[in-house]
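Topology and contacts: notes
So you can see what is in the structure, the chains are spelled out below.
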Amino acid sequence: MRITVCLTQTRPEPWVEGLRAALPDADIQAWEPGAPQADHAVVWAPPQDFIDAQPGLRGLFNIGAGVDALLQLKLPPETQVVRLDDAGMSVQMAEYVCHALIRHFREFDFYEAEAREGRWAFRKPRERADFAVGVMGLGVLGERVARAIGQFEFPVNGWSRSPKAVEGLRCFAGEAAFDDFLGASRVLVNLLPLTEATRGILNSRNLSRLNQGEPGGYLINVARGAHLVEADLIPLLDSGQLAGATLDVFEVEPLPADHPFWRHPKITVTPHGSARTMREASIAQIAGKIRAIERGEPVAGVVDPKRGY
Ligand code: NDP
Ligand code: OXD
């Protein structure tokens, strides 16, 4: 069995070594133009040239959870795309989102500013019941995040495409329930995949519906930059309709140095690191799936190109 590794923005050598250790019988090489046809590929944002040069791939293993960039390419119809299925990401995502939520709810920005001035000051405690959190996307990451938030006793709403029942969560499904979901939520966490149905979903109309339309909503976007209509955010913050936003992902990454999000006092920016790919866990998962596919068994995380995730 031949496996090729084609990674952009990531050094392929440690992946090649790790995969060789996990699959000692396979011939595993970093891809170069002119390389022979492989059975499977391990990829991150490969160029179209790579796909065109490897038309007979059976499995295309993405070293991330989101496959939006991969699905922009023209892929052979027989090639099965497989995404990472947690592999150490959901616990990181839960940490990140709970941190952002609690930092906002407990007003830690205020206390940090007061401490810098040497002031011993209190704010009136806020009620959790007034800070219902809405998690968009109840997949591998969203469900874990929703459960983690529930541990802190915030009311939690979840929104997915297909109906779900998750203990401790008020679940909403489909477009028809979207406005009710928004209205019932004050803090919005985005964990949707980027598809034609979800691009631009974080827009002025939808963000203004948070919290029954009352001012004071808060946005945490950890999915993809193109979910947010960036031009809509600052007017919502400046008018007070939204109290703040924590953003990990952007339309253009790295976020350009002159982008207004960097300096806006109500926006916290992090560099697309809310849940990093963990190399060892990912290699173990991908190697296990390749072995299963070779035995003719089904694997988790197979992408449906029509759905887009
Ligand atoms: P999953 O595919 O497991 O979950 C996706 C969820 O979104 C599912 O619950 C799905 O509904 C729901 N969904 C999809 N389309 C719609 C729609 N049109 N309306 C309502 N709900 C919808 O993905 P993951 O949880 O693994 O990952 C989510 C995203 O997080 C990734 O696609 C990626 O973009 C992002 N990500 C960001 C990272 C970062 O570092 N910032 C790291 C990793 C991932 P249903 O259950 O009905 O199918
Ligand atoms: C991913 C990501 O999709 O890192 O895994 O954004």
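Think of each chain on its own: its residues are numbered from 1, step by step along the sequence as written. Numbering of ligands from 1 and lettering of chains from A proceed in the order in which they are written. Two thresholds apply to this predicted model, a pLDDT of at least 70 for residue-level local features and 80 or more for giving and counting side-chain atom pairs, whereas whole-chain, interface and lining totals are computed over all residues. Remark: hydrogens and water are excluded; side-chain values derive from all non-hydrogen atoms of the structure.

Quick word on helix α6 (residues 140-151)
Rules: Helix and strand assignments come from DSSP, with helices taken as H or I runs of at least 4 residues and strands as E runs of at least 2, each series counted from the N terminus. Each residue after the first adds 1.5 Å to the expected span of a helix. When accessible area is computed with a 1.4 Å probe and restricted to protein chains, residues below 20% of their type maximum are described as buried, those above 50% as exposed, and intermediate ones as partly exposed. It is the directions from the helix axis to the C-beta atoms whose arc is reported. Only heavy atoms enter the contact rule, under which two residues are in contact if any of them lie within 4.5 Å.
Between its first and last C-alpha, α6 extends 18 Å over twelve residues, near the 16 Å set by a 1.5 Å rise per residue. Considered for burial, the residues of α6 that qualify are Leu141, Gly142, Val145, Ala146, Ala148 and Ile149. Along the axis of α6, the buried residues cluster in a sector spanning 165 degrees; they form a single face. In this fold, the buried residues of α6 make contact with α4 (89-105), β6 (133-136), β7 (156-160) and β9 (187-190).

Structural notes on the site of ligand 2
Just so we agree on the cut-off: Whether a residue is near a molecule or strand depends on its heavy atoms: if one lies within 4 Å, it is near. As used in this structure description, the phrase polar contact means that two N or O atoms lie within 3.5 Å; if the pair is within protein, one of them must be able to donate a hydrogen and the other to accept it, and residues adjacent in sequence are counted only when both atoms belong to side chains. Note on areas: these come from Shrake-Rupley sampling with a 1.4 Å probe, and a residue is covered only by the protein chains present in the view. Note that Gly is not counted as nonpolar here; it falls among the polar residues with everything else outside the nonpolar set of Ala, Val, Leu, Ile, Met, Phe, Trp, Tyr, Cys and Pro and the charged set of Asp, Glu, Lys and Arg.
The full set of residues close to ligand 2 is Gly64, Ala65, Gly66, Met89, Arg224 and His272. At a separation of 2.7 Å, an oxygen atom of ligand 2 approaches a polar backbone atom of Gly66. Residue His272 places a side-chain N or O atom 2.6 Å away from an oxygen atom belonging to ligand 2. Calculation on ligand 2 without its partners gives an accessible area of 210 Å², and the protein chains cover 85% of this total. Class assignment of the residues belonging to the shell around ligand 2 gives a composition of two nonpolar, three polar and one charged.

Brief notes about the environment of Ser204
With respect to the element layout, Ser204 can be found in helix α8 (residues 204-207). When the C-alpha positions of Ser204 and Pro260 are compared, they lie 17 Å apart, and in sequence the two are 56 residues distant.

Description of the site of ligand 1
Applicable threshold: For the domain bounds, the source is a domain assignment made automatically or taken from a database.
Neighbouring residues of ligand 1: 30 residues in total, closest Leu141, Ser162, Lys164, Val222 and Tyr309. Contact distances for ligand 1 include 3.1 Å between a nitrogen atom and a side-chain N or O atom of Asp248. If you list the elements that add at least two residues to the shell around ligand 1, you get α4, α6 and β7. At three residues, the largest contribution of residues to the shell around ligand 1 is made by α6. Tallied by class, the residues present in the shell around ligand 1 amount to 16 nonpolar, nine polar and five charged. Both domains that furnish three or more residues to the shell around ligand 1 are identified here as domain 1 (2-87 + 277-294) and domain 2 (89-269).

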